[in-house]
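Tertiary structure, described
One-letter residues, chain by chain:
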Amino acid sequence: MDKEKLNKDLFVPAKPDENESEQIQRPNLTYWQDAWRRLKTNKGAIFGLVVIVLIGIMSIIGPHFNEDGVDDQDLGLSKLPPRVQGLESIQWLRLDGTKTETYEAASVEAAKERIRQRFTQTDDEFITYDVKREGDGSKDSAKVAGFYHVYEAKGLQDEYFWFGTDTLGRDLFTRTWYGTRISLLIAFVAAAIDMLIGVAYGGISGYFGGRTDNVMQRIIEILVGIPNLVVVILMIMILDPGIIAIIIALTITGWTGMARIVRGQVLKLKGQEFVLASRTLGSSHPRILSKHLIPNTLGMIIVNTMFTIPNAIFFEAFLSFIGLGLQPPDASLGTLINDGFKALQINPHIMIFPAIVISLIMIGFNILADGLRDALDPKMRE
Amino acid sequence: MRKANWLLLAMALLLSVFLAACSGGSSSEGDSSGEDTGSTEEGTDEGTSEEGGEASGEQVLNLLDTSQIPTMDSSLATDAVAFQYLGSTMEGLYRLGENAEPVPGIAEGEPEVSEDGLTWNIKLREDAVWSNGDPVTAHDFVFAWRRAIDPDTGSEYGPFMMNDVLKNATAINNGEKDVEELGVEAVSDYELKITLEKAVPYFHSLLTFGTYLPLNEDFVTEQGDDYALTSDNLIYNGPFTLEDWDPKANESWTMKKNPDYWDAETVQLEEINVDVVKETSTAVNLYETGETDRASLTAEFVEQYAGTEDYRTMPEPTLFYLKMNQANEYLKNQNIRKAIAMAINKQDMVDVILANGSIVANGAVPVDFTTHPESGEDFRDINGDLLTTDKEKAKELWQKGLDELGVDSIELGYLGGDTETATEMDAYIKNQLEDTLEGLTVNISSVPFEERLARDEASDYDIQNSGWGPDYLDPSTWLNMWTSDSPYMTMNYNNEEYDKLIKEANNELLTDLPARYDNFLEAEKVLMDDAAIAPLYQRSRAYLWRPSVKGVIFQPMGADFSYKWAYIEE
Amino acid sequence: MVRYILQRLGYMLLTLFLIATFSFFLMKMLPGSPMKAEQKLSEAQLEILYEKYNLDDPVPVQYINYLGNLAQGDLGVSFQMNNQPVTALLASRIPVSAHLGFQAMILGTILGMLLGLVAAVRNNSWIDYTSNVISVIGISIPSFIFAGLLQYFVGVKLGLLPIAFWEGFQHTIMPTIALAIFPLAIAARFLRTEMIEVLGSDYIVTARAKGVTKGGIMFKHGLRNALIPLVTVMGPMAVSLMTGTLVIEQIFSIPGIGEQFVTSVTTNDFPVIMGTTLFFAFFFILIILVIDILYGIIDPRIRLAGGKD
């Protein structure tokens, strides 16, 4: 390696500038700016955020994309498969407005006959066939897929139901986004109530400590012992099933998790200097709590809320499944999935779209919450 | 600690290998038997080898039911499932035959009825025995009937089936008379004398009903509180015996051919296996793989199976209708009620939502149920369509009703139904009503079956979607419940003319059957003119039935199916 | 430690007592009567029935009787299934659900842990991505959809496994998988995150510098520390198994307690609802207790006596 000789003249002492010595070189980032900066670098979290925002927007504008209302019924349009302009030619997408069924039989003709029966047709006018395997006369040797062009058969060449329709002929596109809206509403309200009660309870318990804390913690300990599921079912038995009953049932024990987290944080923070300083300056208890302690636990609160929301959506779906969900004709993702589940093997389109939306919401919230946890964690600060 | 961690990992590996091996093993099994082979029993071949059913001519029937048998105590039974299995394992004086006609069971022949129709003498066959060897005697009937009406037993169907029918039943049930005074006595071991309160013309068909089954006094007393808790605490005198029934632990049971049954040679089935399956999709999947010979279908599945030879619809005389509670100030108005009854497109409803062969109902008595004693004409044919869909008329009546009430909008609660299609049905009815009748808002609340009954009893509803199946072959099973003093009258309907017609039919006219029938016809017209209820549809049920199963009789009341004459013909 | 456990057991009893009280008065408040078809029974019948079930006593007396019976393990008789004692009902249903739940828990946590572990070690490899995809699917699809698909494709289309019922090991496979998918996803996700964090920490670097073998690092240092947070998720997991059984048992027609609970709720069978509620609460509190004790065992830094924080 060459050892270059450097001319000493190159080194000139820097001029000490009193103004500059205090200048901060890196931009002054608040906690939130810093968190946002870190969140931005997390591709997964950003993806989650985008998904949630998109679904949120769709839940607001989606139901108004076409003229069909949430409860516009027409039994003549019952159970139409999905059909989207422009995507009809892409067969594997199955958005071409056909129903399909594959049968095995001894001969191709027998299989075709079975397909005609399935679609209650007497001739082949609206059915196209795809012979997968020619038969040799032995049992199930022939295999034929039949495609029934429902829109043509019903004379609806110019109609397009993007997500298809349900039994009552209601447009599933409208209903899916409307249901998303209701599900999100339930989840957000439940999470907000959890947050309010949890933060207040946990804050007070942690801040005042001593006997207050002791009593308040014992109460939580007892509440935590009551299984959420049991409370929900008991609540729904007293109240009429509906949005309000579900929200009450979800929040009645749901806030305890938040309260525990906030209490832990407050306990940690309340001994720190800035709190002491504020107290010496004569701040009241409510002021210290609301201006100093709670803002500093906000990160944890947000992360916890992010996990609460998808849980609430899932729980609502579960309630629909056991028949304690919303009242018809109201729709949520849970009731839509439950209705579709019954017809899963025959008309899968009724369930698939709401199921995709609920999955996207779950994925979105979960990875966003993961990302937020990392971003808001001061330990991660570089 | 360290060891524990290693142990966990080792266990994980073991388990995954184990699972992989299991699925691998059964996959080869599956391949060899092929798919859709119909009657082979894949998967259950281990552990339950008895369940067979594929060998040609083997007389084993595999069935599913949607709920557990709530009770096998004939005095306490109230629902279709209980009566189904009581009917299969017990034998009363008569049993329903092919055309819903009572055929002799324990009775040796037709009853001897006195001139005034009040005294019935029935001879019993002497070869009938209980499964513990005791003979079935007249005392068993006396004991059972007294037990059902005894207030101590707390039976619901006892008083419901016996009050005003058997002599002194009502008074005994009210605690005013002793049970010994009930109008039934054993003349000898094999002769029963029944005294009626009134000459009830349908008493013969009542005798086929579960509540009138005999009970072996010694056995029941010996078992005490344990009677009928499991199949071990029961004895049988019917075509089949029940085995492995323990509702605490299992959701399945078996019925075996009863070798001691007096008519055992008629019974061809050796075994009936029943499992409880609540999800229709599970039931259909079990049918597809041949593990069951019958699956009941919801509308979703009808679309797929309607064209196959396995698909069968079973029309039944069960009516569904809207009950309108006249305690509600708006529903008190006749025009409002009529408008509601006419505003729903019932044809579309049965065609698209139910899609199982159900038909539109336009009256309060179903079609194909009873015929006029003189002309032999069907009740429905005589009275015709009384309350049909007519949206224009509905709008007119609605406006008239609103004007009379002096309001321009009405909000009504709607207590939803509890059938499989209830959600869709309720949403449809709400939509139809609100679309047709301007200014009407319907708020649905759908609750489970028992909760609906509780609210019904408390008269806590505006409109209720409700259904009713008959208990005996007589129009009164449909029309008695709409009188103002009926225990089933929860909708505060009160029409003196209607009450009078029904009262006459149940008293003075009992011996003049044609006149009595005319009274019922007239009463239905009054009821429908008042639009006290809004008839919706007469139910039919859709099933997948293995085509090889023959001779199962579908019964309009009591047990849904009779397997006594059933057999399998491969 | 003993004192701590005793104290916790004390709270457990208190919680159970409160739940029993709460559900008792809730049932008293509910509209309708526990007696089926009250209106259709005569006065005389009702009087006798009320006496039989001690419903004619004033409510406080009923309450004390109820607690007394409860203490003796007597939960009354079912109103829907005539005279079936609730205790016997629960006793014969719980083992089925416990079997299913336990199997699912074991399968879920062990496979989940393996998946998470491998994903963490081979961070950003295809194994990692596969593991992520599996856990995301597990978290985002409701278990009943999963069960329905499994039943249709594995049971009907492929004919590999029995579709329903509870009649031997083969019958338990599909419900176990359907029930295990959620715990599996949670376990995999948590373990992966924790492992990555732990493996990056100073003491691992030190251990590596000291020349500890890769396996040694992984299991001696890494896994043990990463397991702590996993214990925390066992609580939610137990709950998910509880709600899961309700749905899974119904779809696969398994005679367990979850299926029974749904039936009792839809048929207003109050004694069964109350009995099951108490059992669920008992089970749940027990799990929390076990988790807290496990904490102490896995992480010596947490001292139970001081665990009040």
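Given the structure is predicted, the values throughout are model-derived calculations rather than measurements.

Some words on the overall build of chain B
Scanning chain B for helices and strands turns up 18 helices and 21 strands. Radius of gyration (C-alpha) of chain B: 27 Å, near the 25 Å computed for a compact globule of 570 residues. Projected onto its principal axes, the C-alpha coordinates of chain B cover approximately 85 × 65 × 55 Å. Counting all 570 residues of chain B, 50% fall into the buried class. In chain B, of all internal contacts separated by at least 6 residues, the share reaching a separation of at least 24 is 67%.

Remarks on the overall build of chain A
Secondary structure summary: chain A contains 13 helices and three strands in total. When the backbone C-alpha atoms are referred to their principal axes, chain A occupies close to 95 × 80 × 45 Å. Across the 382 residues in chain A, those meeting the buried criterion constitute 44%.

Comments concerning the nonpolar core
Nonpolar side chains in soluble globular proteins tend to end up buried together. Membership of the largest hydrophobic core comes to 169 residues, with the highest contact counts inside it found for A:Ala312, A:Ile313, A:Ile337, A:Ile358, C:Ala178 and C:Leu191. Every residue in contact with C:Ala178, bar those within four places of it in the chain, is listed here: C:Ser143, C:Phe146, C:Ala147, C:Leu150 and C:Ile248.

A few points about unusual backbone geometry
If you check the backbone angles, A:Lys79 has positive phi at about 55° while not being a glycine. Structurally, the position occupied by A:Lys79 is in the loop between α3 (43–61) and β1 (98–105).

Concerning the domain arrangement of chain A
Quite often, the size of an interface is put as the accessible area lost when its parts meet. One can read the domain layout of chain A as domain 1 (81–154) and domain 2 (172–376). Here the C-alpha centroids of domain 1 of chain A and domain 2 of chain A sit 47 Å apart.

Re the sheet that holds strand β4 (residues 112–113) of chain B
All names here are of chain B. What the four strands build is an open sheet, ordered β4-β5-β7-β6; its pairing is antiparallel. Sheet topology places β4 and β6 (184–188) at the edges, where each strand pairs with a single neighbour. Docked against the sheet, helix α3 (residues 138–149) engages β6 and β7 (191–195), running at close to 165° with respect to β6.

Remarks on the interface of chain A and chain C
Each side of the interface is counted separately: chain A has 28 residues, and chain C has 32 residues. Taken together, the elements giving at least two residues each to the side of chain A that touches chain C come down to α7 (210–225), α8 (228–238), α11 (285–321), α12 (333–342) and α13 (349–376) of chain A. If you tally residues by element for the side of chain A that touches chain C, the top one is α8(A), at seven residues. When its residues are assigned to classes, the side of chain A that touches chain C shows 21 nonpolar, six polar and one charged.

A closer look at the packing of helix α4 (residues 86–121) of chain C against helix α10 (residues 257–266) of chain C
Think of two packed helices as two axes; the pair is described by the angle between the axes and how far apart they sit. All names here are of chain C. Running from amino to carboxyl end, α4 crosses α10 at an angle of 130°, the nearest separation of the two axes being 8 Å. Overall, the two elements α4 and α10 adopt an arrangement that is oblique. For the pair α4 and α10, the contacting residues are Leu89, Leu90, Arg93, Ile94 and Ser97 in the first and Ile257, Gly258 and Gln260 in the second. Per-class residue counts for the contact of α4 with α10 are four nonpolar, three polar and one charged.

Regarding the UniProt feature "transmembrane region" (unreviewed entry) in chain A
Within this structure's numbering, the places UniProt gives as "transmembrane region" (unreviewed entry) are residues 45–65, 182–207, 219–237, 243–262, 301–326 and 346–369 of chain A. A distance of 28 Å separates the end C-alpha atoms of residues 243–262 of chain A, which is 100% helix and 0% strand.

Some points on the domain arrangement of chain B
All names here are of chain B. Each domain of chain B was delimited in the assignment, giving domain 1 (60–270 + 546–568) and domain 2 (315–540). Computed over C-alpha atoms, the centres of domain 1 and domain 2 are 32 Å apart. Facing 13 residues of domain 1, the contacting portion of domain 2 comprises 12 residues. Considering only residue class, the side of domain 1 that touches domain 2 consists of 10 nonpolar, two polar and one charged.

Description of the confidence of the model for chain B
Low-pLDDT stretches of the model should not have their predicted coordinates read in fine detail. Residues and elements named next belong to chain B. With 90% of its residues at a pLDDT of 70 or more, chain B shows a mean pLDDT of 86. Ignoring residues within four places in sequence, the model shows residues 1–55, a span with pLDDT below 50, making 63 contacts including any to other chains. If you check the scores for this complex, the pTM reads 0.84 and the ipTM reads 0.82.

Looking at the environment of C:Ala178
When you line up the elements, C:Ala178 lands in helix α7 (residues 169–199). Sequence-wise, C:Ala178 and C:Val133 are 45 residues apart; in three dimensions their C-alpha atoms are separated by 17 Å.

Things to note about the packing of α10(C) against helix α11 (residues 270–298) of chain C
Residues and elements named next belong to chain C. At a minimum axis distance of 9 Å, the contact between α10 and α11 shows a crossing angle of 140°. As judged from the angle between their axes, α10 and α11 are oblique. In terms of crossing hand, the pair formed by α10 and α11 is left-handed. Note on element contacts: α11 touches α10 through Val272, Ile273 and Thr276, opposite Ile257, Gln260, Phe261, Ser264 and Val265. Each residue belonging to the contact of α10 with α11 can be placed in one class, and the counts come to five nonpolar, three polar and no charged.

Conventions we followed
- Residues numbered from 1 in each chain as written.
- Chains lettered and ligands numbered in written order.
- Predicted model: local features only at pLDDT ≥ 70, side-chain atom pairs only at ≥ 80, totals over all residues.
- Helix = DSSP H or I, 4+ residues; strand = E, 2+ residues; numbered from the N terminus.
- Rg over C-alpha atoms; globule rule 2.2 N^0.38 Å.
- Buried ≥ 20, exposed ≤ 12 C-beta atoms within 10 Å, placed from the backbone.
- Contact = placed C-beta atoms within 7 Å.
- Core = buried A, V, L, I, M, F, W, Y, C linked by C-beta atoms within 7 Å.
- Domains from an automatic or database assignment.
- Pairing = 2+ DSSP bridges.
- Axes fitted to C-alpha atoms, helices over the stretch in contact; angles between N-to-C directions.
- Nonpolar A, V, L, I, M, F, W, Y, C, P; charged D, E, K, R; others polar.
- Parallel < 35°, antiparallel > 145°, perpendicular 65-115°, else oblique.
- UniProt positions renumbered as here; feature names shortened; annotations may be inferred.
- pLDDT = per-residue confidence, 0-100.
- Left-handed = near helix turned anticlockwise from the far one by under 90°.

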